[in-house]
Amino acid sequence: MNDLTLPKTKIFFSARELADLARERGITNFPATERGVRKFAASSGWNDLGPGRCRKRAGRGGGLEYHFTLMPDNLRAALEGREIRAALQARVAAEHNSDDRKIAALKVTTLPPRARAVMEARAEILKAIEGYAIAKGQRRSWGIAQFLAAQTEAEDRQEIESRRDGGMALTEREADSLSRPLLLTAGFMVSRDRIVVANDRRGKPQVGRSALYAWFKARDEGGVTALAPAPTKEDQPIPPAFGEFLKFYARPSKPTIADAYALYARDAAERAGAQPMTLTLTQVEYILRERMNNIEKQVGREGMLTLRSRLPYVTRTTDDMWPTTVYTADGKTFDAEVEDPVSHRAIRPEITTVMDVVTRRVVGISLGRSENQKSVAEALRRSCVDNGICAIFYVDRGPGYRNEAMDADVSGLMGRLGITKAHALPYGSQAKGRIERIQHSIWDTLAKRLPTYIGSDMDKEAGDKIHKLTRREIRDFGRSAHLPTWAEFVRLCEDMVAEYNDKPHRGLPKFSDPETGRYRHMSPNECWAAHVARGFEPVAVDPSDEDDLFRPYEIRMARRGQVQWNNNTYFDHALVPYHETRVMVGYDYHRADRVWVREFDVHTGQPGRLICVAGFMANAQRYFPISFELLISVET
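Here we summarise the structure given alongside this text.

Each value, and the rule that gives it
Residues numbered from 1 in each chain as written. Predicted model: local features only at pLDDT ≥ 70, side-chain atom pairs only at ≥ 80, totals over all residues. Heavy atoms only, no water. Helix = DSSP H or I, 4+ residues; strand = E, 2+ residues; numbered from the N terminus. Expected span 1.5 Å × (residues − 1). Buried < 20%, exposed > 50% of the residue type's maximum accessible area, 1.4 Å probe, protein only. Arc of directions from axis to C-beta. Contact = heavy atoms within 4.5 Å. Core = buried A, V, L, I, M, F, W, Y, C linked by side-chain atoms within 4.5 Å. Axes fitted to C-alpha atoms, helices over the stretch in contact; angles between N-to-C directions. Parallel < 35°, antiparallel > 145°, perpendicular 65-115°, else oblique. Left-handed = near helix turned anticlockwise from the far one by under 90°. Nonpolar A, V, L, I, M, F, W, Y, C, P; charged D, E, K, R; others polar.

## Observations concerning helix H11 (residues 257-270)
An α-helix turns once per 3.6 residues; consequently, residues spaced three or four apart project the same way. For H11, spanning 14 residues, the distance from its first C-alpha to its last is 20 Å, which sits close to the expected 20 Å at 1.5 Å a residue. All buried positions along H11 are accounted for by Ala260, Tyr261, Tyr264 and Ala268. For H11, the arc enclosing every buried residue in end-on projection is 95°, short of the 170-degree limit, so these residues lie on one face. H11 presents Ala258, Arg266, Ala269 and Glu270 as exposed residues on the side facing more than 90 degrees away from its buried surface. Against the buried residues of H11 lie helix H10 (241-249) and helix H12 (281-291).

Listed below in structure tokens is the structure:
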């Protein structure tokens, strides 16, 4: 016996049962008749065995029963095989019943709302009929007859009530009927509205006898889901002519249905001899409304980037990552005008933002006139110096991130810092959603705080007024008092970053605030500090390499030991031999007290040997020493 055999619930068998088994299995060495089995048992001495092997048969008819261990081996094997088959059949039946229940549940969930409402109303009526019949001790047919009578009574009563409300006189019988409880509600507890829904026929408040019997039969054979009405019609294939219509409808200009159909009809009329027009405007509207989903309807009318915003996406988690594992960066043109540090004209600066993906902390920014290799490299350099070197730099494929300054084997910033750069796929801005969101959270907010905001939602009249005012002031005075200076802009940006890093972020874990006791989200700075408390240590840039890393450089002329940058003067004695010579001046917007001056390599156009670090106004002295001024005051 294997593990599929059911436990034996019967171990004693009568002579008839043994004969039937032998005849069923075709066993030749055992009698196939009841009389033959009795003779075989008597001759084999079965009848003389104790009650453990042979016992009297209980119930009507009497006789003897024999234990299954007395059977010949082939007969016992036949018995065990029958039990195995019975076990298999029982198991398969159970699995089928389970599958049927799952399929029935699936069918219910896939039903349209109207079909599901009809199914539920019909099931409610059938349950009410059965319950009423059982309560009265009657059969189902009696309950159906009573329900039909209750329907007729309800209709008659409604008619009498309408006559009474209309002022007509009622007979004594009619008045008496109104005083009696309505069987439809008092007995079956089914409302008239539910009957209308179950009947699935507009305005018909009664269910016929044949319909009730058909519902009972369908439910008994196929379950409750069989009560759902069949679809009114099968979905017909979309006609091939609809593809011709899409040539005029699926365009980026997004023409209306009527206009696209007019163009299609005109084109079909010109080709009437070869392919006559068979598609009507009503068919087109029906197909677009009922047969196509919101994504299919937009193919051709929207680009891939817009379509991807409608499609499923993958949520990326950083639960098991440390800070500085991934830095991501992006550039944005500021939506407000500030004063150019050189020409004093109105410009819209480019802001490059670097964010730590794990903690959402802004770790570095760079401000420039455009998104280029200088501003991107400066933002990354500041991020690594101030917060630690990242393992992965995740950016898009813009020119600011794909250049020799970033990727060169020896001198590139990636190689020198040991960073692996990863690019997002084209048209995949959703993959960099975290840094994209920051552009709005920080820089759009800051831009709207300035009077020179020029975003799309700026009031047109106010925008024109400030635009004309700043241009007039620049024309008359060389600069505008209404434009934030570059120094003010840098300060505002730094304050905005600090404000963002200290603000709770919904994408970060929650914790109990020790000051207020409230359960809230962490801020980026708090999340960073939490990782530090758990043992995180950033990989710092070697101090000897900080000033030698790539930074923005501009060509300037050295004169008398001085160089000019951002309308400021920087001096160092090492520049004296370079009088009237072009040099490269490297700067850091966050450290305006100094500049890095290097030789200019005329062959490569790149910065060469470091000459000095020139200080701001390092050659400036007081017009007269304080000691001389004090001496004069004492003498007088």
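## Here's the deal with the side chain of Thr470
Inspection of the secondary structure assignment puts Thr470 in helix H18 (residues 460-477). Setting aside residues up to four positions removed in sequence, Thr470 forms contacts with Glu337, Ser480, His482 and Leu483.

## Here we look at the nonpolar core
Phe334, Leu367, Trp443, Phe489 and Cys493 are the most contacted members of the largest nonpolar core, which has 24 residues in total. Listed by contribution, the elements that provide at least two residues to this core are strand S7 (350-356), strand S8 (362-368), helix H17 (433-448) and helix H19 (486-501). Sorting elements by how many residues they give to this core places H19 first, with 7 residues.

## Details of the packing of H10 against H11
One way to put it is that H10 packs onto H11 with a least axis distance of 8 Å and a crossing angle of 120°. Put simply, H10 runs oblique to H11. Considering only the axes of H10 and H11, their crossing is right-handed. Here Ala241, Glu244, Phe245, Phe248 and Tyr249 of H10 come into contact with H11, specifically with Ile257, Ala260, Tyr261, Leu263, Tyr264 and Asp267. For the contact of H10 with H11, a count of residues per class yields 9 nonpolar, no polar and 2 charged.

The values are spatial; any link to function lies outside them.
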